[in-house]
Amino acid sequence: MKVEATEVPAGIELDAGTYTASVAQVTETDGQYGKQCKFIFAVDGEVTEEGENLELWAWASAKLNPKTKLWKWITAMTGAPPLVGEDYDLDDLLGKS
């Protein structure tokens, strides 16, 4: 398999490391394997070359069980795992670090 090395897109200059961020938006989208949750994270204290707040995107499957990324993210953001059998409103994550 061959892949082409490319330049970093303009506006994103971020050194390797750990950063704090908060959930700015969560939307539902269709992915190759079904429903996905698209998270937009606002990176605290970081701005683009244009001076706008830096936002990074990440996706998780819309499946919520202990083996999924979404479950781990919710647990990390809220400090407690979701309760099995209950619905979870992802809008409750807005503003969470």
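Everything discussed here concerns the structure shown above.
Residues numbered from 1 in each chain as written. Predicted model: local features only at pLDDT ≥ 70, side-chain atom pairs only at ≥ 80, totals over all residues. Heavy atoms only, no water.

### Considerations on the overall build of the chain
Right, so step 1: Along the backbone of the chain there are one helix and three strands.
Right, so step 2: Its helices and strands taken in sequence order, the chain reads β-β-β-α from the N to the C terminus.
Right, so step 3: Across its three principal axes, the chain shows a C-alpha extent of roughly 45 × 40 × 20 Å.
Right, so step 4: A total of 97 residues make up the chain; the buried ones form 26% of that total.
Right, so step 5: Expressed as a percentage of contacts within the chain between residues at least 6 apart in sequence, the contacts between residues at least 24 apart total 34%.
Right, so step 6: Only carbon and sulfur atoms are counted for the fraction: they give 50% of the accessible area of the chain, which is about 7400 Å².
Right, so step 7: Treating the 8 positive side-chain charges of the chain as one cloud and the 17 negative ones as another, the clouds have centres 14 Å apart. (Helix = DSSP H or I, 4+ residues; strand = E, 2+ residues; numbered from the N terminus. Buried < 20%, exposed > 50% of the residue type's maximum accessible area, 1.4 Å probe, protein only. Contact = heavy atoms within 4.5 Å. Areas by Shrake-Rupley, 256 points an atom, 1.4 Å probe, with all protein chains shown as cover. Lys, Arg positive; Asp, Glu negative; His and termini not counted. Charge placed at Lys NZ, Arg CZ, Asp CG, Glu CD.)

### Examining the pairing of strand E1 (residues 21–31)
Right, so step 1: Relative to strand E2 (residues 34–47), E1 runs antiparallel, the two being bridged by 10 bridges. Note on E2: the bridge partner recorded for Thr29 is Gln36.
Right, so step 2: Turn length for the E1-E2 hairpin, with the two strands adjacent in sequence and antiparallel, is two residues. (Pairing = 2+ DSSP bridges.)

### What about the packing of aromatic side chains?
Right, so step 1: Tallied over the entire structure, the rule returns four aromatic pairs.
Right, so step 2: An angle of 80 degrees between the planes, with centres 6.2 Å apart, marks the rings of Trp57 and Trp59 as edge-to-face.
Right, so step 3: An aromatic cluster is built from Phe39, Phe41 and Trp73, whose rings are joined through pairwise contacts.
Right, so step 4: The lysine or arginine in question, Lys38, covers the ring of Trp57, its NZ or CZ lying 3.5 Å from the ring centre. (Phe/Tyr/Trp six-rings, centres within 6.5 Å; stacked < 30°, edge-to-face > 60°. Lys NZ or Arg CZ within 6 Å of the ring centre and 35° of its normal.)

### Describing the nonpolar core
Right, so step 1: By size, the foremost hydrophobic cluster in this structure holds 13 residues, and its most contacted members are Val23, Phe39, Phe41, Leu70, Leu90 and Leu93.
Right, so step 2: If you list the elements that add at least two residues to this core, you get E1, E2, strand E3 (53–61) and helix H1 (69–78).
Right, so step 3: The residues touching Leu90, leaving out its near neighbours within four places in the chain, are Val26, Cys37, Leu70 and Ile74. (Core = buried A, V, L, I, M, F, W, Y, C linked by side-chain atoms within 4.5 Å.)

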